[in-house]
Amino acid sequence: MGAVIKETKADKIFNIFNISFLFIALVVVLYPLIYIVSASVSDPSQVNSGEMWLLPKGFTLEGYKLIFENDQIWRGYLNTIFYTVLGTLINLAVTLPAAYALARKDFVGRGFLTGLFVLTMFFSGGLIPTYLLVKDLGLIDTVWAMVLPNAAAVWNIIICRIFFQVTIPTELEESARMDGCSNFKMFMKIVLPLSAPIIAVMALFYGVGHWNGYFNALIYLSDKNLYPLQLVLREILVMQEMSSSATNISESMATALHSKEQLAAIIKYGVMIVSTLPIIIVYPFLQRYFVKGVMIGSLKG
Amino acid sequence: MSTSTATVLQQEEEKPKSNVPKEKKKKPKKNRKILENWQLYLFVLPALLYFVIFHYIPMYGLQIAFKDFIPALGIWGSEWVGFEHFARFFDSYYFWNLLKNTLSINVYELVVGFPLPIILALLLNEVKDGIYKKSVQTVTYAPHFISVVVMAGMIIAFLSPATGIVNHFIELLGFEPIRFLADPDWFKSVFVLSGVWQNTGWGTIIYLAALAGVDMQQHEAAIVDGASRLQRILYINIPALVPTMVILLILNIGNFLAVGFEKILLLQNPLNLESSNVIATFVYTAGLLEAQYSFAAAVGLFNAIINAILLVVVNQIAKKTSETSLW
């Protein structure tokens, strides 16, 4: 389209409306995010009284100091890193080979297996039978309860399968096979090196899931030493309390409760930032990969 | 690479040729394929084990919904009681309230949450690629990555009657502060609108991808015919989105009664329970907190059956009316 088409008056009005509507959307989404950042470095009393409404007031890093001194948060952080790394590795080790096999046209049984996997998207045993199974397997209060029940997601296997089908040329596979290349070698030496984008997308999808997940921990873990960050956050943000390990136990019950509330109030906004920090840091670089993943998935269901 | 493989290819071609004529029949060929690709079976094995163990065994375990499950006797050893647990659930005083909450929260979410990503995508599509478009996208996608726990924490902090920023604004405008989370009338709006804030931007991605696929020639022809932007959106872009909309609608409805359960659980408190208790949270409370395994499994199964029926019905309707469907 070479020539520039002149905009009519109606189109100009539409443009102005459009730009302003998007601006409103931008502000509505952005405001709470900025507020949290500002509140995390502001004097809590000014935040609570409403004097702080956009930019930090009464600048203080006291909240962050308390967060970094808190054993519980540290332990939760380390646990979460561990669950995320281990969980994501397991996810990738299960998802990628399976997706590759299902992508191969000469794989006898691919239709049946795909159907078997996809069926679980719509039918499941539900919460209680799954819980009883995990219990029977002896996984309660172990690391495995955090990584095995979500070892793979059907949707992600489908996305990978589509990616392999679209990007790995059949000719390449055929010629490699002629050279006497085994399927295993082909997957490791040819398919994986060509699949960096989808591996990145998968690692991110699964990784974010592990990082943000709390429900498995809630039902399968009772040992506080195993708690991931999100469960610690739940105590601080939702139940508004800190366990006694974080505060001075020798205080009388009433004052202890009071100080716990205070403590929770001061670190409230800080922990939101700290817990989301890894995602905030990688997000700008990886946003397009995320988007790519969704789009590959939307190509064909 | 191409030359070396090509030469090897020629050498290798000699050997298999002698075998080919013998394998005209289908069956041996299939068997040979299986043998040749035995490693591929090893590739799917972990996934197969995972789905069998963590998805199909629980489906088998669902039979406890029809039994009086006693852990010591195991799933198989426990006694059959038929539909007793279902009957107890249907007769309970909370049944209609649970059903009403579950349905109304989901319908509310669908009515408000479904069209917004479409509208946002249509509007974003009209902006030229550049910093403005990019920043709107980057910012609106971002909340999607906030965890449910942090999201619940934000809601609780922002909506607090005494210290929350929302109520400070309400007071500034001269109104009384609202106890959002202690008021059953407000719970559903809080739940749905916070979800809109978190997921609308992310939801635009699929629609933007679909819009990128619209043929530019159609737009050019429409411009020549004097169509305005609004007209082009109405008559070109929206029809182009229909298949995507239908598929997403079916998928949404397939998950109808499970959506948002984790967030509801986090925002629930005794004061808003009247409107926040849904079937999924009830299963959690009855099953895991009160250890009524069989009863909770029966309630969960009831939920799943409604889901499956909705999915099939909506899929059929979609098939008939728009010729788009999941199967």
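A quick note: this is a predicted structure, and the numbers were derived from the prediction, not measured. (Residues numbered from 1 in each chain as written. Chains lettered and ligands numbered in written order. Predicted model: local features only at pLDDT ≥ 70, side-chain atom pairs only at ≥ 80, totals over all residues. Heavy atoms only, no water.)

Undergrad: Would you mind showing me how to read the overall build of chain A here?
TA: Broken down by element type, chain A carries 14 helices and zero strands. Traced from its N-terminal end to its C-terminal end, chain A shows the element sequence α-α-α-α-α-α-α-α-α-α-α-α-α-α. When contacts within chain A are restricted to residue pairs at least 6 apart in sequence, those whose partners lie at least 24 apart make up 71%. Entry remark: accessible area of chain A is about 14,300 Å², with carbon and sulfur atoms responsible for 69%. (Helix = DSSP H or I, 4+ residues; strand = E, 2+ residues; numbered from the N terminus. Contact = heavy atoms within 4.5 Å. Areas by Shrake-Rupley, 256 points an atom, 1.4 Å probe, with all protein chains shown as cover.)

Undergrad: Help me understand the UniProt feature "transmembrane region" (unreviewed entry) in chain B in this model?
TA: Residues and elements named next belong to chain B. Listed under "transmembrane region" (unreviewed entry) in the UniProt record, and renumbered for this structure, are residues 38-57, 105-124, 145-170, 190-214, 234-261 and 293-314. From the first C-alpha to the last, residues 145-170 spans 29 Å; its make-up is 69% helix and 0% strand. For residues 190-214, the end-to-end C-alpha separation is 36 Å, with 92% helix and 0% strand making up the annotated structure. (UniProt positions renumbered as here; feature names shortened; annotations may be inferred.)

Undergrad: I keep staring at the interface of chain B and chain A and nothing clicks. Help me out?
TA: Accessible area lost when the parts come together is the quantity often used to give the size of an interface. Taken residue by residue, the interface counts 90 residues in chain B and 97 residues in chain A. Between chain B and chain A the total buried area reaches about 8,300 Å² when both faces are included, carbon and sulfur atoms providing 78% of it. When the buried surface of chain B facing chain A is broken down by residue, B:F43, B:F54 and B:F145 rank first, second and third, together holding 9% of it. Summed over the shared surface of chain B and chain A, the result is 24 residue pairs in polar contact (both at pLDDT 80 or more). (Buried area = accessible area lost by both parts, 1.4 Å probe. Polar contact = N/O pair within 3.5 Å; in protein donor to acceptor, adjacent residues only side chain to side chain.)

Undergrad: Could you clarify how one ought to interpret the packing of aromatic side chains in this entry?
TA: All names here are of chain A. Per the counting criterion, the structure on display carries 42 aromatic pairs over all chains. Judged by centre distance (6.2 Å) and plane angle (80°), the ring pair of Y214 and F215 falls under edge-to-face. Y214 gets classed as buried once you look at its relative accessible area, which sits at 1%. When its relative accessible area of 9% is taken as the criterion, F215 is described as buried. (Phe/Tyr/Trp six-rings, centres within 6.5 Å; stacked < 30°, edge-to-face > 60°. Buried < 20%, exposed > 50% of the residue type's maximum accessible area, 1.4 Å probe, protein only.)

Undergrad: I'm lost on the packing of helix α4 (residues 71-103) of chain A against helix α11 (residues 196-212) of chain A in this one. Help?
TA: In helix packing, the relevant descriptors are the interaxial angle and the interaxial distance, both defined with respect to the helix axes. Residue and element names in this part refer to chain A. With their axes 8 Å apart at the nearest point, α4 and α11 run at an angle of 140° to one another. When the interaxial angle is binned, α4 and α11 end up oblique. Here α4 runs over α11; the crossing is right-handed. For the pair formed by α4 and α11, the contact residues are Y77, T80, I81, Y83, T84, G87, T88, N91, L92, T95 and L96 on the first element and I199, M202, A203, Y206, G207, H210 and W211 on the second. (Axes fitted to C-alpha atoms, helices over the stretch in contact; angles between N-to-C directions. Parallel < 35°, antiparallel > 145°, perpendicular 65-115°, else oblique. Left-handed = near helix turned anticlockwise from the far one by under 90°.)

Undergrad: Teacher, can you tell me more about helix α9 (residues 148-159) of chain B here?
TA: Because each turn of an α-helix spans 3.6 residues, side chains separated by three or four positions in sequence point in the same direction. For α9(B), with twelve residues, the first-to-last C-alpha span of 16 Å sits near the 16 Å given by 1.5 Å per residue. Burial of α9(B) is extensive: eleven of the twelve residues sit out of reach of the surface. (Expected span 1.5 Å × (residues − 1).)

Undergrad: What is the right way to read unusual backbone geometry from this model?
TA: When glycine is set aside, most residues are seen to have a negative phi, and most peptide bonds are trans. The backbone phi angle of A:D141 is positive, close to 60°, even though this residue is not glycine. As for its placement among the helices and strands, A:D141 is situated in the loop between α6 (127-136) and α7 (144-147). In this model, B:A291 sits at a positive phi of 55°, which is unusual for a non-glycine residue. Within the secondary structure layout, B:A291 lies in the loop between α16 (279-289) and α17 (293-322).

Undergrad: Help me understand a nonpolar patch on the surface, please; the structure alone is not making it clear to me.
TA: There is a patch of nonpolar side chains on the surface, built from A:L119, A:M121, A:F122, A:F123, A:W155, B:V312, B:L326 and B:W327 and spanning about 690 Å² of accessible area. Here the nonpolar patch gets three residues from one element, more than from any other, and that element is helix α5 (residues 110-122) of chain A. Of note, A:F122 is situated in helix α5. (Patch = residues over 30% accessible without salt bridge, like charges linked within 9 Å, V, L, I, M, F, W, Y side chains within 5 Å. Salt bridge = Lys/Arg side-chain N within 4 Å of Asp/Glu carboxyl O.)

Undergrad: I keep staring at the nonpolar core and nothing clicks. Help me out?
TA: Nonpolar side chains in soluble globular proteins tend to be buried together. By size, the foremost hydrophobic cluster in this structure holds 178 residues, and its most contacted members are A:I128, A:F164 and A:Y269. Top element by residues in this core is helix α14 (residues 253-299) of chain A. It accounts for 15 residues. For A:Y269, the residues in contact, after removing those within four places along its chain, are A:Y35, A:I36, A:A39, A:S40, A:V47, B:A157 and B:F158. Grouped together as the second largest cluster of nonpolar side chains are six residues, B:V246, B:I250, B:L311 and B:A318 included. (Core = buried A, V, L, I, M, F, W, Y, C linked by side-chain atoms within 4.5 Å.)

Undergrad: How do you make sense of the UniProt feature "transmembrane region" (unreviewed entry) in chain A when you look at a structure like this?
TA: All names here are of chain A. Within this numbering scheme, the UniProt entry marks residues 16-37, 81-103, 115-134, 146-166, 187-208 and 266-286 as carrying the feature "transmembrane region" (unreviewed entry). Segment residues 16-37 splits into 100% helix and 0% strand. End C-alpha atoms: 31 Å apart. Along residues 115-134 the backbone is 80% helical and 0% strand, and the end-to-end C-alpha distance reaches 25 Å.

Undergrad: Whenever I open this one, the domain arrangement of chain A confuses me. Can you help?
TA: Residue and element names in this part refer to chain A. Along its sequence, chain A is carved into domain 1 (1-60) and domain 2 (70-300). Between domain 1 and domain 2, the residue contacts involve seven residues of the former and five residues of the latter. On the domain 1 side of the interface with domain 2, the three residues burying the most area are I36, S40 and P44, jointly 61% of the side's total. Linking domain 1 with domain 2 are zero salt bridges. Connecting domain 1 to domain 2 are zero residue pairs in polar contact (both at pLDDT 80 or more). Contributing elements (two or more residues each) for the side of domain 1 that touches domain 2: α1 (9-40) and α2 (44-49). (Domains from an automatic or database assignment.)

Undergrad: Just to check I follow, could you spell out the side chain of B:T140 for this structure?
TA: Tracing the backbone shows B:T140 in helix α8 (residues 131-141). A distance of 2.7 Å separates the side chain of B:T140 from the backbone oxygen of B:V136, its partner in a polar contact. Not counting the four nearest positions on each side in its chain, B:T140 is found in contact with A:V29, B:G201 and B:W202.

Undergrad: Please clarify how empty space enclosed by the protein should be interpreted in this entry.
TA: Rolled over the atoms, a probe with the dimensions of a water molecule shows which regions are left empty. Residue and element names in this part refer to chain A. Evaluation of the coordinates by the stated rule reveals four cavities of 30 Å³ or more. Taken as a whole, the largest cavity spans an internal volume of roughly 70 Å³. What lines the largest cavity is A39, S40, S42, P44, V47, N48, T60, G63, A265, I266 and Y269. Elements represented by at least two residues in the lining of the largest cavity include exactly α1, α2 and α14. (1 Å grid on protein atoms, 1.4 Å probe; cavity = no way out; pocket = protein on both sides within 12 Å on 5 of 7 lines; lining within 4 Å. Points joined across faces, edges and corners; volume = space filled by probe spheres on them.)

Undergrad: When you look at the environment of B:A227 in this model, what are you seeing that I'm missing?
TA: On the secondary structure map, B:A227 appears in the loop between α12 (216-224) and α13 (229-254). Residues B:A227 and B:W327, spaced 100 residues apart in sequence, show a C-alpha to C-alpha distance of 37 Å.

Undergrad: Explain the confidence of the model for chain B to me, please; I cannot follow it from the model alone.
TA: Detailed reading of the predicted coordinates is not advisable wherever pLDDT is low. All names here are of chain B. On average, residues of chain B carry a pLDDT of 87, and 90% of them reach 70 or more. Ranking the elements of chain B by mean pLDDT puts helix α1 (residues 2-19) last, at 39, and helix α7 (residues 115-125) first, at 96. Counting contacts from residues 1-24, a segment whose pLDDT is below 50, to residues more than four positions away or on other chains yields eight contacts. The ipTM, which scores confidence in the relative placement of chains, is 0.88 for this predicted complex, and the corresponding pTM is 0.87. (pLDDT = per-residue confidence, 0-100.)

Undergrad: Explain the confidence of the model for chain A to me, please; I cannot follow it from the model alone.
TA: Per-chain confidence: chain A averages 86 in pLDDT, with 89% of residues scoring 70 or above. Below a pLDDT of 50 lies the segment residues 243-254 of chain A, which in the model reaches twelve contacts outside its immediate sequence neighbourhood of four places, other chains included.

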